[in-house]
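Structural overview
The lines below spell out each chain.
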Amino acid sequence: MLPPGQNGTLRELSEAISASLAKTDYGTNPTSTQDSSADTTIDGRPAHVVQTTITLNPTYVKTSKLKVTKERLWIAVIDSGNGLDAVWYVTIPDIVSNLWADVPAVIRSITVS
């Protein structure tokens, strides 16, 4: 993460949030791969979207009796135009990986108000 009080670019913010979530929210010793990181616009506003695949530690999966072994994480940081950035994110586990293809359309449907 960026140090408290430090502003960053949309890219820096989205990548820092993605990295932080990947390290802290998926059990012990998950691994992550950044699949994409791209500037874009969302509802006409500048934005940056990061997609990350997180692989859970197999030992953690087994001891926790999980069915999930991977998740995909999308982070969108959007310049809301009022001096504050908005953050939208979603994670979808591999047990419903058929939904992964729907995420880009969902991101395009975001309305900034």
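Structure report, in brief. (Residues numbered from 1 in each chain as written. Predicted model: local features only at pLDDT ≥ 70, side-chain atom pairs only at ≥ 80, totals over all residues. Heavy atoms only, no water.)

Moving on, we get to the sheet that holds strand β1 (residues 31-42). Taking strand neighbours across the sheet as the criterion, the four strands line up as β1-β2-β3-β4 in an open arrangement whose pairing is antiparallel. Two strands close off the open sheet at either side, each with one partner strand: β1 and β4 (85-93). For this sheet the average axis-to-axis angle between neighbouring strands, irrespective of direction, equals 15 degrees. Sheet topology places strand β2 (residues 45-55) next to strand β3 (residues 70-79); nine bridges connect them, and they run antiparallel. Directly across from T55, in β3, lies its bridge partner K70. Sheet strands in contact with helix α1 (residues 10-24) are β1, β2, β3 and β4, and its direction is about 150 degrees off that of β3. (Pairing = 2+ DSSP bridges. Helix = DSSP H or I, 4+ residues; strand = E, 2+ residues; numbered from the N terminus. Axes fitted to C-alpha atoms, helices over the stretch in contact; angles between N-to-C directions. Contact = heavy atoms within 4.5 Å.)

Attention now goes to the pairing of β4. Relative to β4, β3 runs antiparallel, the two sharing nine bridges. Each residue of the ladder has a partner; that of I75, found in β4, is Y89.

On to the environment of T55. Here T55 shows up in strand β2. Considered as a pair, T55 and P30 are 25 residues apart in the sequence and their alpha carbons are 5.6 Å apart. In this structure, T55 is in contact with P30, T31, T69 and K70, ignoring residues within four places of it in sequence.

Another point: α1. A rise of 1.5 Å per residue sets the reference length of α1, with its 15 residues, at 21 Å; its end C-alpha atoms lie 21 Å apart and thus fit the reference within 8%. Looking at α1, one finds that the buried residues are L10, S14, A16, I17, S18, L21 and A22. Contact partners of the buried residues in α1: β1, β2, β3 and β4. (Expected span 1.5 Å × (residues − 1). Buried < 20%, exposed > 50% of the residue type's maximum accessible area, 1.4 Å probe, protein only.)

Turning our eyes to something else, we now look at the pattern of salt bridges. One pass over the full model with this rule turns up two salt bridges. Across the pair R11 and E15 runs a salt bridge whose closest N-O atoms are separated by 3.1 Å. Residue R11 and its partner E15 are both found in helix α1; the two are separated by four residues, about one turn of the helix. Looking at R11, the relative accessible area reads 41%, which means it is partly exposed. Of the charged contacts, one joins D79 and R45 as a salt bridge, the two residues approaching to 3.3 Å between their closest N and O atoms. With D79 in strand β3 and R45 in strand β2, this residue pair connects regions lying 34 residues apart in the sequence. D79 sits in the partly exposed class, given a relative accessible area of 24%. The partly exposed category is assigned to R45, whose relative accessible area is 26%. (Salt bridge = Lys/Arg side-chain N within 4 Å of Asp/Glu carboxyl O.)

Counting buried positions over the ten residues of β3 gives seven, a clear majority of the element. What sits between β3 and β4 in their antiparallel hairpin is a turn of five residues, with G81 showing a positive phi close to 90 degrees.

Okay, the environment of L66 next. Its place among the elements puts L66 in the loop between α2 (58-63) and β3. For the pair L66 and Y89, spaced 23 residues apart in sequence, the C-alpha separation works out to 23 Å. Every residue in contact with L66, bar those within four places of it in the chain, is listed here: L56, Y60 and V61.

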